[in-house]
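Results of the structural survey
Residues per chain are reported as follows:
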Amino acid sequence: MSVNKDKVLIEVQGLQKAFGSNQVLDGITTDICQGEVVVVVGPSGSGKSTFLRSLNLLEVPTGGKILFEGTDITDPKVDINRHRQKIGMVFQRFNLFPHKTVKENIMLAPVTLKLMTKEEASAKADELLERVGLPDKADTYPEMLSGGQMQRIAIARALAMNPDVMLFDEPTSALDPEMVGEVLELMKELAQSGMTMVVVTHEMGFAREVGTRVLFIDDGKIQEENTPEEFFGNPKNPRLKDFLSKVL
Amino acid sequence: MILADITQDLYLNFIKEDRYLWLLDGLKTTLLITFFAAILGIILGFIVAIIRSTHDKSGHFKILNAVCRVYLTVIRGTPTMIQLLIMNFVIFGSVSLDKVIVGSLAFGINSGAYVAEIVRSGIMSIDPGQTEAGRSLGLNFTQTMKLIIMPQAFKNVLPALVNEFIVLLKETSIIGYIGMMDLTKGAMLIQSRTYNAFLPLIAAALIYLALVMFLTFLMNKIERRLRTNERK
C-alpha cells in the first residue's frame, strides 16, 4: 500500500476546460503516482468533478495535456477506449445498468471487450461480489438494491476490468446517511490493497484517514495540495481555511 | 324468411365465384406491404434516430443530421396518400416495377419518419449516466448503444412503436389508389359486383380489427417479458 513516487500513472499538465465562456478548469497541473489515494475537495462549482471526469475524457479538455501511463490521451488520434479499460470510474448516481442483473453488470464489459471468456468473467464476478460483501445478490436486478449496495456493485463492476486507477466522483453524495459507511469502508479496503485512487468527496473524515494527498480546488485551480495532516492541521490558503471552517 | 335472406346475401358476397378469395388475396397484399414497410421503417427509423440523438448529445454528424431533418419535415408534412401517388406515378412512373415494392417503399419511408421520432424520444429518455458508465468501462459508442442504451430505450417506446405499426397496417388501405388489390380494395370489388356494401365492408373491418387485436396481444406479451427487471 505504499506510494511509488517513481511510477507516475497520470500526469496532468496545464489542464483547461471551458464550457462556452465559462472557464471551469484553469490550468491544473499535478501527477498521480502509483498507490496514491488523492482526495479532491472544494466548494460546489469549483471544477473538482470536471477535473475528475477529464481524467478519462468524459469531459474533453479544451487545453493542456493528460498523460496516462505515458500516453497523451487528449490526442484525438489515441484510442481512448483502450485506455479507459484501465481507468475505473464510480459515479455519484451509481449508473448501474437496470436491464441487467448484478452479475451481468459486472461481466458485461470484460466479456464484450473479449478480455475474459464468459467463464472467467463469471468467476471474477463471484470473487468481486464476495469482496464487496454481496455474494447473494448476483442474480437480482439493481432496482431491488439499496443505494449503498448499488454503489458497492458499481465498484465491483469497475474492478472487473482490473483497472490501474480508480476514479470516484462523489461516491457517497447520493446515499442515505446510514449507507455512507459501508461504501467508505469498501473504498478504504481498496486503498489498503494498493489501488491508486482519485476521489472527489465531501467526506473529510475519509480524506484525513485514507488519503495520501489532499487537493483543494477552487476557481478551476489547485489552491493547495498537501498531506492530510498538513492540509487539515495547518492550512495556508485563506480560501481553504474558510472552506474548512465551514465543513469541519 | 330473414334467415333465407341472410344466407342468400352471404352466398352472393362471399361464396359465389369464390368471392371470399378476393378478401383473402387482398389480405395477403395488405400483410405483405405492412410487413416490408415495417421492416424498412424500423431500419430507417433507427438509423435516423441514432444520427439525430447523437447529434443532439455530442454535436457530431452535422450534415447527416440536416439530411434527416429534411426527411422528417417532408414526410411528416405531406399526406401519406400524396407520397404514395408520387412514388407510383412520378418516381416509378416510367418504370414497371412490382407494385408490392412501390407500396412497401412508400409506406416504409413514411413509417420510418415516425419510428425515428419515437426511437429518438426513447434514446433521449435514458439517463446520460448510462452512456457515461458504458464508455468509462472502455466500451465504444456502438457497443454502448447496442448493449446499454437501445435495450432500455426499446422497452420504453415499445407501446408507441406498436401503435405506429397499427397505424401503418390500417393506412395501407389507400393502396388501391395505385391499382393494387388489398383487403379494402377486395371488399370494394365485391361490393361493386353485388351492390351490397354492408357485408363485404364489415368483413374487411373485422379482419383489420382481428389483426390489430393480435398485434396488441403480442405487444402485451413482449412488454411483460421485458419488465422482469422491475419491482413487482
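Residues numbered from 1 in each chain as written. Chains lettered and ligands numbered in written order. Predicted model: local features only at pLDDT ≥ 70, side-chain atom pairs only at ≥ 80, totals over all residues. Heavy atoms only, no water.

**A short note on the overall build of chain A**
To keep it simple, the criterion reads: Only DSSP runs of H or I covering at least 4 residues are called helices, and only runs of E covering at least 2 are called strands; the numbering of each starts at the N terminus. Only C-alpha atoms enter the radius of gyration; for comparison, a globular chain is expected to reach 2.2 Å times N to the power 0.38, where N is the number of residues. Using a 1.4 Å probe on the protein chains alone, a residue whose accessible area is under 20% of its type maximum counts as buried, one over 50% counts as exposed, and one in between counts as partly exposed. All accessibility values rest on the Shrake-Rupley procedure with a 1.4 Å probe; residue burial counts only the protein chains present in the view. Charge assignment: positive for Lys and Arg, negative for Asp and Glu; neither His nor the chain ends contribute. Lysine's charge is taken at NZ, arginine's at CZ, aspartate's at CG and glutamate's at CD.
Across its full length, chain A carries nine helices and ten strands. Rg of the C-alpha trace for chain A: 18 Å, near the compact-globule value of 18 Å for 248 residues, within the 12% margin. With respect to the principal axes defined by its C-alpha atoms, chain A has extents near 50 × 45 × 35 Å. A total of 248 residues make up chain A; the buried ones form 56% of that total. Counting only carbon and sulfur atoms, one obtains 47% of the accessible surface of chain A, whose full area is about 10,400 Å². Across chain A, the centroid of the 28 positively charged side chains sits 4 Å from that of the 36 negatively charged ones.

**Focus: the overall build of chain B**
Short version of the rule: Only heavy atoms enter the contact rule, under which two residues are in contact if any of them lie within 4.5 Å.
Regarding its fold elements, chain B presents nine helices and zero strands. Listing the helices and strands of chain B from first to last along the sequence gives α-α-α-α-α-α-α-α-α. Pairs at least 24 residues apart make up 76% of the contacts formed inside chain B by residues separated by at least 6 positions. Counting 22 positive and 15 negative side-chain charges, chain B places the centres of these two groups 8 Å from one another.

**Considering helix α9 (residues 238-247) of chain A**
Residue and element names in this part refer to chain A. As a reminder of what qualifies: The reported arc concerns the directions from the helix axis to the C-beta atoms and nothing else. Throughout this description, a polar contact denotes any pair of N or O atoms lying within 3.5 Å of each other; where both atoms belong to protein, one of them has to be capable of donating a hydrogen while the other can accept it, and for residues adjacent in sequence the pair is counted only when both atoms sit in side chains.
By the burial criterion, the buried members of α9 are Leu240, Phe243 and Leu244. Take α9 and look down its axis: the buried residues cluster within an arc of 95 degrees, on one side only. Residues Pro238, Ser245 and Lys246 are exposed on α9 and point more than 90 degrees away from its buried face. Summarising the contacts, the buried residues of α9 are in contact with β3 (37-41), α7 (204-210), β9 (213-218), β10 (221-226) and α8 (228-233). With a side-chain oxygen positioned 2.7 Å from the backbone nitrogen of Arg239, the residue opening α9 is Asn237.

**Overview of the packing of aromatic side chains**
As a reminder of what qualifies: Pairing of aromatic side chains here covers Phe, Tyr and the six-membered ring of Trp, requires ring centres within 6.5 Å, and sorts the geometry by plane angle: under 30 degrees stacked, over 60 edge-to-face, intermediate tilted. Should the NZ of a Lys or the CZ of an Arg lie within 6 Å of a ring centre and within 35 degrees of the ring normal, that charge is described as sitting over the ring.
Under the definition given, this model contains three aromatic pairs over all chains. Ring centres of Phe35(B) and Phe36(B) lie 5.5 Å apart, and the angle between their planes is 65 degrees; on these two criteria the pair is classed as edge-to-face. Take Phe35(B): its relative accessible area is 49%, and that puts it in the partly exposed class. Phe36(B) sits in the partly exposed class, given a relative accessible area of 40%. Of note, Arg208(A) hangs over the ring of Phe232(A), and the distance from its end group to the ring centre comes to 4.8 Å.

**What about the sheet that holds strand β8 (residues 196-200) of chain A?**
All names here are of chain A. Heads up, the condition is: Only strands that DSSP links by at least two bridges are regarded as paired with each other. Lines fitted to C-alpha atoms define the axes here, with helix axes fitted over just the stretch in contact, and angles between the N-to-C directions of these axes take values from 0 to 180 degrees.
Reading across the sheet, the six strands line up as β6-β7-β8-β3-β9-β10 and stay open at both edges, with mixed pairing between neighbours. Every other strand in the sheet has two partners, leaving β6 (87-90) and β10 as the edge strands with one partner each. Recorded for the sheet is a direction-independent mean angle of 20 degrees between the axes of neighbouring strands. For β3 and β9, the ladder comprises four bridges, and the chain directions are parallel. Each residue of the ladder has a partner; that of Val38, found in β9, is Arg213. Sitting on the sheet, helix α5 (residues 147-159) touches β6 and β7 (165-169), and the angle it makes with β6 is about 170 degrees.

**Digging into the interface of chain B and chain A**
Many analyses report the size of an interface as the accessible area lost when the parts associate. To keep things clear, this is the line we draw: By convention, the term buried area covers the 1.4 Å-probe accessible surface removed from two parts as they join, with the contributions of both added. A carboxyl oxygen of Asp or Glu within 4 Å of a side-chain nitrogen of Lys or Arg is what we treat as a salt bridge. Under the scheme applied here, ten amino acids are nonpolar (Ala, Val, Leu, Ile, Met, Phe, Trp, Tyr, Cys and Pro), four are charged (Asp, Glu, Lys and Arg), and all others, including Gly, are polar.
The interface of chain B with chain A comprises 21 residues on the first partner and 25 residues on the second. Interface area, chain B with chain A, both sides summed: about 2,100 Å², of which 57% is carbon and sulfur. Summed over the shared surface of chain B and chain A, the number is one salt bridge. The partner of Glu132(B) in a salt bridge is Arg53(A), and the shortest N-O contact between them spans 2.7 Å. At the junction of chain B with chain A, the criterion picks out six residue pairs in polar contact (both at pLDDT 80 or more). Among the elements of the structure, α6 (128-136) and α7 (141-171) of chain B are those that each provide at least two residues to the side of chain B that touches chain A. With seven residues, α6(B) is the largest single contributor of residues to the side of chain B that touches chain A. Among the residues forming the side of chain B that touches chain A, the class breakdown is six nonpolar, ten polar and five charged.

**Quick notes on the packing of helix α2 (residues 20-58) of chain B against helix α9 (residues 198-226) of chain B**
All names here are of chain B. Note the cut-off: Here a crossing is called left-handed whenever its near helix is offset anticlockwise from the far helix by less than a right angle, and right-handed whenever the offset is clockwise.
At a minimum axis separation of 12 Å, α2 and α9 run at an interaxial angle of 35 degrees. Here the hand of the crossing between α2 and α9 comes out right-handed. Contact residues: α2 offers Leu23, Leu27, Thr30 and Leu31, while α9 offers Ala203, Ile207, Tyr208 and Leu211. Here the contact of α2 with α9 is built from residues that sort into seven nonpolar, one polar and no charged.

**Some thoughts on the sheet that holds strand β2 (residues 22-34) of chain A**
The strand order β2-β1-β4-β5 (chain A) describes an open sheet built from four strands, whose pairing is antiparallel. Sheet topology places β2 and β5 (71-72) of chain A at the edges, where each strand pairs with a single neighbour.

**Section: the pattern of salt bridges**
Counted by the stated rule, this structure contains 20 salt bridges over all chains. Its salt-bridge partner being Lys221(A), residue Asp26(A) comes within 3.2 Å of it at the nearest N-O pair. You can see Asp26(A) sitting in strand β2 and its partner Lys221(A) sitting in strand β10, a full 195 residues away along the chain. The partner of Glu117(B) in a salt bridge is Arg52(B), with the nearest N and O atoms 3.9 Å apart. With Glu117(B) in helix α5 (residues 99-124) and Arg52(B) in helix α2, this residue pair connects regions lying 65 residues apart in the sequence.

**Structural notes on the layout of surface pockets**
The criterion, for reference: A cavity, in this analysis, means grid points on a 1 Å lattice covering only the protein atoms where a 1.4 Å probe fits yet has no way out; a pocket is instead an open set bounded by protein on both sides within 12 Å along at least five of seven lines, and a residue lines either one if it has an atom within 4 Å of a point. Grid points are joined across faces, edges and corners, and a volume is the space filled by probe spheres set on the points.
By volume, the largest pocket amounts to about 930 Å³. Taken together, 26 residues form the lining of the largest pocket, with Leu58(A), Lys57(B), Ser58(B), His60(B) and Arg135(B) sitting closest to its centre. Estimates place the volume of the second largest pocket at around 430 Å³. For the second largest pocket, the lining is made up of 18 residues, of which Thr34(B), Phe35(B), Ala38(B), Phe165(B) and Leu215(B) are closest to its centre. Elements represented by at least two residues in the lining of the second largest pocket include exactly α2, α7 and α9 of chain B. Among the elements that take part in the lining of the second largest pocket, α2(B) stands out by supplying seven residues, more than any other.

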